[in-house]
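Summary of structural features
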Amino acid sequence: MSLQIQMLGTGSAFSKLYYNTSALIRTTDATILIDCGPTVPKSLSEIAIELDQIDGIFISHIHADHIGGLEEVAFRLFYQYNRKRLTLYVTEALAGVLWENSLKGGLYNPEDGFHQLQDYFELVFLQERVPYQLSPELTIEIVPTLHVAQKLNYSIFINHRTFYSADLQFNKDFLLNEVAHTRNCHTIFHDCQLSGPGYVHTTLEELLTLPEDIQKLIYLMHYDDHMTEFIGQTGPMTFIHKHEIIKISD
Ligand SMILES: O=c1ccn([C@@H]2O[C@@H]3COP(=O)(O)O[C@H]3[C@H]2O)c(=O)[nH]1
Ligand SMILES: [Zn+2]
Ligand SMILES: [Zn+2]
C-alpha cells in the first residue's frame, strides 16, 4: 500500500513566505486535499495539479488560512471544469458554519440556483472517531481537538497510523496516550508556533517536552516566517517544506 503526504504550504496564518498549511493525501487510487487556504490554488498550479484531479477536500476548521481558497475552488469547478462537484468531507456541524459564517457571502446566488453548500460540493458528513474508507488504499478518521474555545476543530488520522493535526493547543496527554501509545502512530504532522505564548496553538517549547522517541516522528508545520532562525533548535523534530513529499508505507 502506498501513501504519500505532499505539503502545499507549511506557513502560519500570517506567513508571507511559506503558504498556508495544507496538504495532499495521495494514494494510487485517491487524491484528497487537507484544508484549502488562499494559497492552495497557486500551490497546486506550481505542481501542475488540476482541480479535477482532486477527489475530495477535508476541512479541519473555518479560519481563513484553512478555507480561504474554497470560494475560488467552487467557482472554478463550476465555470472552468464543467460543473464538476468535488466531495467535501466535513462534519454536519462544520458544514453549517462553513456555509453560513463564511462561504455564503461569496457563493450565495439564488437567481442561478446556488442556495447552499450542496449546490457546489458533494457533502459527505463524517462522524467523529469513526474510520471511513474513502478508497481501497485510504482510510481517514477525524477526532475533535481544541484550538479556539467553542470553535469546531478536527484533526485527522490517515490510514490509522499517521496523525495530521489541525491547529491545536498543546495536548500532551493526547499525543502520548492516544497518538503514540494506543494508535501507535509512526508519523505525526503537527502545527508549531515558534515563539511567544501559544494561546491557540502548540509551541515549539511545548513539543520539546515530549519524549525524544515521539519527537522523532514529528514533522513541524504551520510555522512563522522566522523559521530559519530555529533550524537546529527543534530537537529530533523536522521542519517540513512546501511541496515536500513524505512517503508512508504501512
Ligand atoms: O483566539 C485567537 C484567535 C486567533 N488568533 C490568531 O489568529 C490566527 C487565525 O488563524 P490561526 O488559527 O492559524 O492562527 C491564529 C492566531 O495567530 C489568536 O491568536 N487567538
Ligand atoms: Zn491556521
Ligand atoms: Zn486556526
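Residues numbered from 1 in each chain as written. Chains lettered and ligands numbered in written order. Predicted model: local features only at pLDDT ≥ 70, side-chain atom pairs only at ≥ 80, totals over all residues. Heavy atoms only, no water.

1. Some thoughts on the overall build of the protein chain
When helices and strands are tallied, the protein chain shows seven helices and 14 strands. Relative to a compact globule of 250 residues, whose C-alpha radius of gyration would be 18 Å, the protein chain shows 17 Å and is just as compact. Taken along the three principal axes of its C-alpha coordinates, the protein chain extends 55 × 35 × 35 Å. Within the protein chain, the proportion of its 250 residues that are buried is 52%. (Helix = DSSP H or I, 4+ residues; strand = E, 2+ residues; numbered from the N terminus. Rg over C-alpha atoms; globule rule 2.2 N^0.38 Å. Buried < 20%, exposed > 50% of the residue type's maximum accessible area, 1.4 Å probe, protein only.)

2. Some remarks on the coordination of the zinc ion (ligand 3)
As a benchmark, a tetrahedral metal site with four donors has ideal angles of 109.5 degrees, while an octahedral site with six donors has ideal angles of 90 or 180 degrees. Note on the zinc ion (ligand 3): its protein donors are His 61 (NE2), His 63 (ND1), His 147 (NE2) and Asp 167 (OD). The metal-donor distances range over 2.2 Å. The motif formed by the donor residues of the zinc ion (ligand 3), counted along the single chain, is H-x1-H-x83-H-x19-D. Metal-to-metal, the separation of the zinc ion (ligand 3) and the zinc ion (ligand 2) is 3.6 Å; Asp 167 coordinates the two. Residue His 61 is located in the loop between strand S4 (56-58) and helix H2 (64-67), and its partner His 147 is located in the loop between strand S8 (138-144) and strand S9 (154-158); the two are separated by 86 residues in the primary sequence. For His 61, a relative accessible area of 0% translates into the label buried. (Donors = N, O, S within 2.8 Å, 3.2 Å for Na, K, Ca; no water.)

3. Concerning the coordination of the zinc ion (ligand 2)
Each protein donor to the zinc ion (ligand 2) is listed here as Asp 65 (OD), His 66 (NE2), Asp 167 (OD) and His 222 (NE2); together their distances run 2.0 to 2.3 Å. On the primary sequence, the residues serving as donors to the zinc ion (ligand 2) are separated as D-H-x100-D-x54-H. Judged by its relative accessible area of 3%, Asp 167 is buried.

4. A look at helix H3 (residues 70-79)
Among the residues of H3, Leu 70, Val 73, Ala 74 and Leu 77 are the ones counted as buried. Projection of H3 onto a plane perpendicular to its axis shows the buried side chains occupying an angular sector of 100°, all on one side. Contacts from the buried residues of H3 go to S4, H2, strand S5 (87-90) and helix H4 (92-107). (Arc of directions from axis to C-beta. Contact = heavy atoms within 4.5 Å.)

5. Quick word on the environment of Asn 153
With respect to the secondary-structure elements, Asn 153 resides in the loop between S8 and S9. As for Asn 153 and Asp 167, which are separated by 14 residues in sequence, their C-alpha atoms are 7.8 Å apart. The residues touching Asn 153, leaving out its near neighbours within four places in the chain, are Ser 60, His 61, Val 143, Pro 144, Thr 145, His 147, Ala 166 and Asp 167. Separated by 2.7 Å, the side chains of Asn 153 and Thr 145 make a polar contact. (Polar contact = N/O pair within 3.5 Å; in protein donor to acceptor, adjacent residues only side chain to side chain.)

6. Brief notes about the nonpolar core
In terms of nonpolar packing, the biggest core is built from 55 residues, with Ile 57, Leu 70 and Phe 121 touching the most fellow members. Apart from the residues lying within four places of it in its own chain, the contact partners of Phe 121 are Ile 57, Leu 70, Val 73, Ala 74, Leu 77, Arg 85, Leu 86 and Leu 88. In this structure, Phe 157, Ala 180, Leu 194 and Met 237 belong to the second largest nonpolar core, which totals 24 residues. (Core = buried A, V, L, I, M, F, W, Y, C linked by side-chain atoms within 4.5 Å.)

7. Brief notes about the pattern of salt bridges
For the structure shown, the criterion picks out eight salt bridges. For the salt bridge of Glu 100 with Lys 104, the shortest nitrogen-to-oxygen distance reads 3.5 Å. Remark: Lys 104 and Glu 100 occur in helix H4; sequence separation between them is four residues, near one turn of the helix. Here Arg 129 ties to Glu 178 by a salt bridge, and the two come within 2.8 Å at their closest N and O atoms. Remark: Glu 178 occurs in helix H5 (residues 172-182) and Arg 129 occurs in the loop between strand S6 (122-125) and strand S7 (132-135); sequence separation between them is 49 residues. (Salt bridge = Lys/Arg side-chain N within 4 Å of Asp/Glu carboxyl O.)

8. Concerning the site of ligand 1
Lining the immediate environment of ligand 1, one finds Ala 13, Phe 14, His 63, Asp 65, His 147, Asp 167, Val 200, His 201 and His 222. A distance of 2.9 Å separates an oxygen atom of ligand 1 from a polar atom in the side chain of His 63. Within the side chain of His 147, an N or O atom sits 2.8 Å from an oxygen atom of ligand 1. Contact with the protein chains covers 64% of the free accessible surface of ligand 1, which is 420 Å². (Near = heavy atom within 4 Å. Areas by Shrake-Rupley, 256 points an atom, 1.4 Å probe, with all protein chains shown as cover.)

9. So, the UniProt feature "domain: Metallo-beta-lactamase" (unreviewed entry) in the protein chain
Look at the UniProt record and you will see "domain: Metallo-beta-lactamase" (unreviewed entry) annotated at residues 19-222. Taken end to end, residues 19-222 comprises 27% helix and 25% strand; its first and last C-alpha atoms sit 9 Å apart. (UniProt positions renumbered as here; feature names shortened; annotations may be inferred.)

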